[in-house]
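Each chain is listed here by its residues.
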Amino acid sequence: MTDTRGDTPEKQLAGESVVVTGGSGFIGRSLVRRLQQAGADVTVADLDPSTHGGPTVVGDLNDPRVRDRAVPEGTSAIVHLAALTSVLESVERPEQVFRTNVDVTHGLLELARRRGVERVLFASTNAVTGDVGDAVIDESMPLRPLTPYGSSKAAAEMLLSASTACYGVACCALRLANVYGPGMGHKDSFVPRLMRAALDDVPVTVYGDGEQVRDLVHVHDVSEAFVTAWLADATGPVIVGSGTSSSVLDMVAAAREATGQELPVRHVDPRPGEMPAVVVDTSRARGLGWAPRVGLTAGMAAVWDEFRRAGVVPATGATGATGATGATGAIGATATAAAAAL
Ligand SMILES: NC(=O)c1ccc[n+]([C@@H]2O[C@H](COP(=O)([O-])OP(=O)(O)OC[C@H]3O[C@@H](n4cnc5c(N)ncnc54)[C@H](O)[C@@H]3O)[C@@H](O)[C@H]2O)c1
């Protein structure tokens, strides 16, 4: 795997004791490495074991005893990534999403308040703003989420806001665009579907004409954004995206270049209600000193490297090699559209 980050041995977080919930997941694994590189002492709290070489609390954070073990006295920061992340599943199981994404966040903020944790960095999403048409999304837009997933993240952001205002915990919600990069073999989003199609030498399914645009940001850039937000003492929402919008066909072209495969496209009917564009304004993040560094083709090449070495990896809940995330089924058009915005 190509590590596209710089290798400067920065130690700005030396001696900081940080708990990363969801640290065994896709973004978590990359972020844990980055925090360790910055000198932090990292504890991972996750349903799944971690290989980061430090303390791990394996368990369900819905259980207060697990949270209690995860955030001991002396913790300086909590990076909260653990969540139910599937938008479409959230529509089917809103209660479970509320418990895991909202209740757990509240429980962690309570621990932060009682144990004097100075900082909470939270993985939010641009889906909190809902469908904004062709407008460029910035942090000042009203929150109008369209799904239980989006609303759970918006609700969690509100809890963070109160925690900063009332108790002085420096809470920052990083609103992530579509994250891609090495470590996403278990995912069923468009980039892994491109990789599976390339491996299987089959066409990739594209809804509609493929001109709909999204913002893809590399996982290493996302990890860097968390470190930047910490060092800049940021609070409130910060949008993290590449700032470059790519059409679905641009993504196919980048995947062709990265994989060297033909990757034919099979166009199917557009998904009803799908947003034509997700365009984000990353000025606030850039103002903190962050800038994305990994371009789409180089980023895809690193993903391809991993997929090629691992062979075909079935996605969690995938419907097939080029399985269609967001097949409408019983789920409404607005939810499908919002799923595309994750
Ligand atoms: N990947 C993206 O494109 C994207 C975009 C916007 C926001 N986010 C947010 O970033 C965060 C990380 O996403 P990811 O893509 O790495 O997802 P992921 O599914 O790969 O990782 C999530 C991790 O959380 C853990 N987890 C879930 N529920 C838990 C529980 N009850 N107790 C303990 N651990 C639990 C899982 O085991 C998993 O390791 C999530 O909060 C997600 O909503 C991701």
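Residues numbered from 1 in each chain as written. Predicted model: local features only at pLDDT ≥ 70, side-chain atom pairs only at ≥ 80, totals over all residues. Heavy atoms only, no water.

Engineer: It is not clear to me how the sheet that holds strand E7 (residues 170–176) should be interpreted in this structure. Could you clarify?
Structural biologist: The strand order across the open sheet built from seven strands is E3-E2-E1-E4-E5-E7-E11, with neighbouring strands paired in parallel fashion. Looking at the sheet topology across the chains shown, the edges are occupied by strand E3 (56–58) and strand E11 (236–240). Neighbour-to-neighbour, the strand axes of the sheet open up by a mean angle of 20°, direction not taken into account. Strand contacts of helix H1 (residues 26–37): strand E1 (17–21), strand E2 (41–46), strand E4 (77–80) and E7, with the helix running at about 165° to E2, the strand carrying the most contacts. (Pairing = 2+ DSSP bridges. Helix = DSSP H or I, 4+ residues; strand = E, 2+ residues; numbered from the N terminus. Axes fitted to C-alpha atoms, helices over the stretch in contact; angles between N-to-C directions. Contact = heavy atoms within 4.5 Å.)

Engineer: Hey, could you run me through the environment of Arg 99 in this one?
Structural biologist: Structurally, the position occupied by Arg 99 is in helix H4 (residues 94–115). The spatial distance from the C-alpha of Arg 99 to the C-alpha of Leu 61 is 9.9 Å, given a sequence separation of 38 residues. Those residues in contact with Arg 99 that sit more than four places away from it in its chain are Asn 62 and Val 104.

Engineer: Sorry, what's going on with H4 here?
Structural biologist: Note on helix geometry: an α-helix contains 3.6 residues per turn, so any two residues three or four positions apart are oriented the same way. End to end, H4 covers 30 Å across 22 residues, agreeing with the expected 32 Å (1.5 Å per residue, within 8%). Within H4, burial applies to Val 97, Thr 100, Asn 101, Val 102, Val 104, Thr 105, Gly 107, Leu 108, Leu 109, Leu 111, Ala 112 and Arg 115. After H4 finishes, the residue Gly 116 shows a positive phi value of roughly 70°. (Expected span 1.5 Å × (residues − 1). Buried < 20%, exposed > 50% of the residue type's maximum accessible area, 1.4 Å probe, protein only.)

Engineer: Even after reading the chapter, I still don't get the site of the ligand, so can you show me in this structure?
Structural biologist: Around the ligand, the surrounding shell holds 28 residues, and the nearest of these are Asp 46, Leu 81, Tyr 149, Lys 153 and Lys 187. For the ligand, an oxygen atom lies 2.9 Å from a polar atom in the backbone of Ile 27. Bound to the protein, the ligand loses 92% of the 830 Å² it would expose on its own. For the shell around the ligand, the secondary-structure elements that each account for two or more residues are H1, strand E5 (119–125), helix H5 (148–167) and strand E8 (178–180). Among the residues making up the shell around the ligand, the classes are represented as twelve nonpolar, eleven polar and five charged. (Near = heavy atom within 4 Å. Polar contact = N/O pair within 3.5 Å; in protein donor to acceptor, adjacent residues only side chain to side chain. Areas by Shrake-Rupley, 256 points an atom, 1.4 Å probe, with all protein chains shown as cover. Nonpolar A, V, L, I, M, F, W, Y, C, P; charged D, E, K, R; others polar.)

Engineer: I would appreciate a short explanation of H5 in the present structure.
Structural biologist: Taking 1.5 Å of rise per residue, 20 residues should cover 28 Å, and H5 covers 28 Å from first to last C-alpha, within 8% of that figure. Taken as a whole, H5 has its buried residues at Tyr 149, Gly 150, Ser 152, Lys 153, Ala 154, Ala 156, Glu 157, Leu 160 and Ser 163. Tucked into the core, H5 has its buried residues touching helix H3 (87–92), H4, E5, E7 and E11. Downstream of H5 by a residue or two, Gly 168 has a phi angle that is positive, lying close to 70°.

Engineer: Explain unusual backbone geometry to me, please; I cannot follow it from the model alone.
Structural biologist: Most of the time, phi is negative for any residue but glycine, and the peptide bond is trans. For Asp 201, which is not glycine, the phi dihedral falls at a positive 60°. In this structure, Asp 201 sits in the loop between helix H6 (190–200) and strand E9 (204–207). In this model, Asp 233 sits at a positive phi of 60°, which is unusual for a non-glycine residue. Its location among the elements puts Asp 233 in the loop between helix H7 (219–231) and E11.

Engineer: Looking at this structure, how should I read the side chain of Thr 205?
Structural biologist: One can find Thr 205 in strand E9. A relative accessible area of 4% places Thr 205 in the buried class. In terms of polar contacts, Thr 205 uses its side chain to reach the side chain of Arg 266, at 3.0 Å.

Engineer: So what exactly am I meant to see when it comes to the confidence of the model for the protein chain here?
Structural biologist: Regions with low pLDDT carry predicted coordinates that are not meant to be interpreted in detail. For the protein chain, the average pLDDT comes to 89, and 88% of its residues sit at 70 or higher. In this model, residues 1–7 is a region of pLDDT below 50 whose contacts with residues beyond four sequence positions or in other chains number 19 contacts. Here residues 317–342 is a poorly scored stretch, pLDDT under 50, and it has 59 contacts once near neighbours within four places are set aside; other chains count. (pLDDT = per-residue confidence, 0-100.)

Engineer: In this structure, what is going on with the nonpolar core? I would like to understand it.
Structural biologist: One recurring pattern in soluble globular proteins is that nonpolar side chains are buried together. Ranked by internal contacts, the top residues of the largest apolar core, which has 58 residues, are Leu 35, Phe 226 and Met 300. If you tally residues by element for this core, the top one is H7, at seven residues. Ignoring any residue separated from it by four or fewer positions in sequence, one finds Leu 35 in contact with Leu 13, Val 18, Val 20, Ala 40, Val 42, Val 79, Val 227 and Trp 230. (Core = buried A, V, L, I, M, F, W, Y, C linked by side-chain atoms within 4.5 Å.)

Engineer: In this structure, what is going on with the pattern of salt bridges? I would like to understand it.
Structural biologist: Working definition: two side chains of opposite charge can pair if their charged atoms are close together. On inspection of all chains with the given rule, the structure shows twelve salt bridges. A salt bridge links Arg 115 to Asp 68, with the nearest nitrogen and oxygen atoms 2.6 Å apart. Placement of the pair is Arg 115 in helix H4 and Asp 68 in helix H2 (residues 64–70), with a sequence separation of 47 residues. Ionic pairing is found between Asp 188 and Arg 196, a salt bridge with its closest N-O pair at 3.9 Å. Bridged by salt links that share partners, the residues Asp 68, Glu 73 and Arg 115 form one connected network. (Salt bridge = Lys/Arg side-chain N within 4 Å of Asp/Glu carboxyl O.)

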